[in-house]
Amino acid sequence: MKKIYPAKLKLGDEIRVISPSSSMAKIGGMDANLVAKKRLEKLGFKVTFGKHIDENDQLSSASIQSRVSDFHHAFQDKNVKAVMTTIGGFNSNELLPYIDWRIVSQNPKLFFGYSDITSLHSAIFTKTGLVTYYSPAYSSFKMDELQDYQTEQWLRAVSDKDNAHEYKLLSNDVYTSDPWYDPTIPRNFLKNEWKIYNDGRAHGTIIGGNIQTYTLQLGTEFFQKVQHPIAFLEEAEEGDYTDFDRLLAQFLQVHQDLEGLVIGRFPNECDMSQEKLLYILDKYPRLKKIPVIYDVDFGHTQPIFTFPLGGQIEFSTEPLFLKVVEKQFLIVDTLLLCKIAVFLKRNKSRSLKGGEVVD
C-alpha cells in the first residue's frame, strides 16, 4: 500500500476536536478544558468541535453512531485540516467496522491522539496508508507545566513553520509522573534521561503506540503487519510490569523481524522499575541484536513529543538519536552504501560510449 502523507498545518488552519473514545465530560467538560482551545488558538489555529462532543453515556463515552458520525464529518469537512482527539479511553476499537475508509483516503489530513487512539492509528494506516501522529491529545494542551517543550515538539512534527523535511525527536531535561490529566496537583519534577539497553543503528517504518491497545487489532482486518519495523511502545496507568511483560512477548512473536525498539516512560502506577524492565528485556534474544532504548519522552507521563506512525525513522545509539525523515528524503544506510560500492567496483570496466553501455 502506498503511504499518504498529510499536508502540514499552516497558520489559520482549522483543527476539529472529536471524542472517539472517552468523552469530554469524563475530563471535566467543555469549560474545564477551554484553556486547551485558547492555547491552540494562540498558536494561530482555529478550533472547532464535533457535533456530539458533549455526549456522555454510562461508560463515559458516546454511542458508536455518534462517534463515527463525528469522525466522518471531521474528515469530510474541507475546511478542517487536522483532526484531534479529546483524550484516550478504552473503546475506540468499537468504531472500526463502521467507519467508511473511503472518506479518510479521499480526504487525507492530520490525525492526532495517543493511548486508546492507537486503535484508530493502526486501522487508518492499514485501511488507507495515511500516516498519522502519535501526539498530545486536546486535553494535554490544558497542562501548564512543561507545556512549552510539548507544544514545540508538536509544532515541529505537524506544522510547516520551519519547512523541515527531517527533524530529531528531542528529550526534555525533566519530566513528571504525577496525574498528567489534573493540572491542580503540584508537580514533582524528575530528571529525564533516555537509557540504552542495546546498541545499534537501524531505520524503518514506525509502528506501535500503546501496547495494551495495539494488540486489540491482531487477527482483524484492521491490522497490517509492517515488514522490518521500528516499534515505539508505551504502557498506560491501568497496566503493570506483568502486563507489559506478556504483551511484549506477544508483540515480539508477531513482529519477529523487528529492527528497533523505543520504549516510552512508565507512569508510577505501572510499578515498573529499571531492574524489572531489564529483567523482562533480557528474556528475548532478538532484543540483543537490535537497538533498544527506554525511558523516552512519550506515553502517560508529561511532557511527550510527537511522532508519525507509519512514517520513517533513523535510529542510532552511538551517537544516540531518533530522526524522523519525511517522504521527500531517501534513507540510505551503511550496508546499502557498501553494496553500491561493490557493484560499482565490479562494473568499473564498463563505460559509456556513444550513448551506449559497452565493455
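Each value, and the rule that gives it
Residues numbered from 1 in each chain as written. Predicted model: local features only at pLDDT ≥ 70, side-chain atom pairs only at ≥ 80, totals over all residues. Heavy atoms only, no water. Helix = DSSP H or I, 4+ residues; strand = E, 2+ residues; numbered from the N terminus. Buried < 20%, exposed > 50% of the residue type's maximum accessible area, 1.4 Å probe, protein only. Contact = heavy atoms within 4.5 Å. Areas by Shrake-Rupley, 256 points an atom, 1.4 Å probe, with all protein chains shown as cover. 1 Å grid on protein atoms, 1.4 Å probe; cavity = no way out; pocket = protein on both sides within 12 Å on 5 of 7 lines; lining within 4 Å. Points joined across faces, edges and corners; volume = space filled by probe spheres on them. Nonpolar A, V, L, I, M, F, W, Y, C, P; charged D, E, K, R; others polar. Salt bridge = Lys/Arg side-chain N within 4 Å of Asp/Glu carboxyl O. Pairing = 2+ DSSP bridges. Axes fitted to C-alpha atoms, helices over the stretch in contact; angles between N-to-C directions. Arc of directions from axis to C-beta.

(A) Quick look at the overall build of the protein. The helix and strand tally for the protein stands at nine helices and 18 strands. The 359 residues of the protein split such that 55% are buried. Partitioning the intrachain contacts of the protein with sequence separation of at least 6 by distance along the chain shows that 79% fall at a separation of at least 24. Summing over all exposed atoms, the protein offers an accessible surface of approximately 16,400 Å²; the carbon and sulfur share of this is 51%.

(B) Quick peek at the layout of surface pockets. By volume, the largest pocket amounts to about 480 Å³. Around the largest pocket, the lining is made up of 21 residues, and of these Lys26, Gly88, Gly89, Ser115 and Glu238 lie nearest the centre. Among the residues forming the lining of the largest pocket, the class breakdown is eight nonpolar, eight polar and five charged.

(C) Just the pattern of salt bridges, in detail. Going through the model one piece at a time under the given rule, you end up with 18 salt bridges. The salt bridge partner of Arg246 is Asp243, with a shortest N-O separation of 3.9 Å. Of this pair, Arg246 and Asp243 both sit in helix α7 (residues 241-254), three residues apart, which is roughly one turn of that helix. Across the pair Asp245 and Lys283 runs a salt bridge, and its minimum N-O distance is 2.7 Å. On the criterion of sequence distance, the pair formed by Asp245 in helix α7 and Lys283 in the loop between α8 (274-281) and β13 (292-299) is long-range, its members being 38 residues apart.

(D) Geometry of the sheet that holds strand β9 (residues 195-198). Strand order in this open sheet of eight strands is β6-β16-β15-β10-β11-β12-β13-β9, and the pairing throughout is mixed. The open sheet is flanked by β6 (166-168) and β9, the only strands paired with a single partner. With direction set aside, neighbouring strand axes in the sheet form an average angle of 35°. Sheet analysis places strand β15 (residues 312-317) next to strand β16 (residues 320-325), joined by six bridges and oriented antiparallel. Directly across from Glu314, in β16, lies its bridge partner Lys323. The strands touched by α8 within the sheet are β9, β12 (260-265) and β13, with β13 carrying the most contacts at an inclination of about 125°.

(E) Spatial organisation of α8. For α8, every residue scored as buried is listed here: Leu277, Ile280 and Leu281. The buried residues of α8 occupy an angular sector of 95° when the element is viewed end-on, so they sit on one face. With respect to the buried face of α8, the exposed residues turned more than 90 degrees away are Glu275 and Tyr279.

(F) Expanded view of empty space enclosed by the protein. Inspection of every chain in the model, using the stated rule, returns two cavities of 30 Å³ or more. Estimates place the volume of the largest cavity at around 140 Å³. Lining the largest cavity we find 15 residues, and of these Ser122, Phe125, Ile207, Tyr214 and Gln224 sit closest to its centre. Contributing elements (two or more residues each) for the lining of the largest cavity: α4 (118-128) and β10 (201-210). Ranked by residue count, the leading element in the lining of the largest cavity is α4, at four residues. Looking at the lining of the largest cavity, its residues break down into eight nonpolar, seven polar and no charged. What the second largest cavity holds in volume is close to 40 Å³. As for the second largest cavity, its lining consists of Ile18, Ser19, Pro20, His52, Ala62, Arg67 and Asp70. Among the residues forming the lining of the second largest cavity, the class breakdown is three nonpolar, two polar and two charged.

(G) Fine view of unusual backbone geometry. A cis amide bond links Gln302 with the next residue in sequence, Pro303, at an omega value of 0°. Within the secondary structure layout, Pro303 lies in the loop between β13 and β14 (307-309). Look at the link from Glu318 to Pro319: it is a cis peptide, with omega at 0°. Tracing the backbone through its elements, the reader meets Pro319 in the loop between β15 and β16. Phi is positive for Leu146, which is not a glycine, with a value near 65°. Mapped onto the secondary structure, Leu146 falls in the loop between β5 (132-134) and α5 (147-158). Owing to a relative accessible area of 17%, Leu146 belongs among the buried residues under this scheme. Although it is not a glycine, Asp295 sits at a positive phi angle of roughly 60°. In this fold, Asp295 is placed in strand β13.

The values reported here are purely geometric and, on their own, carry no functional implication.
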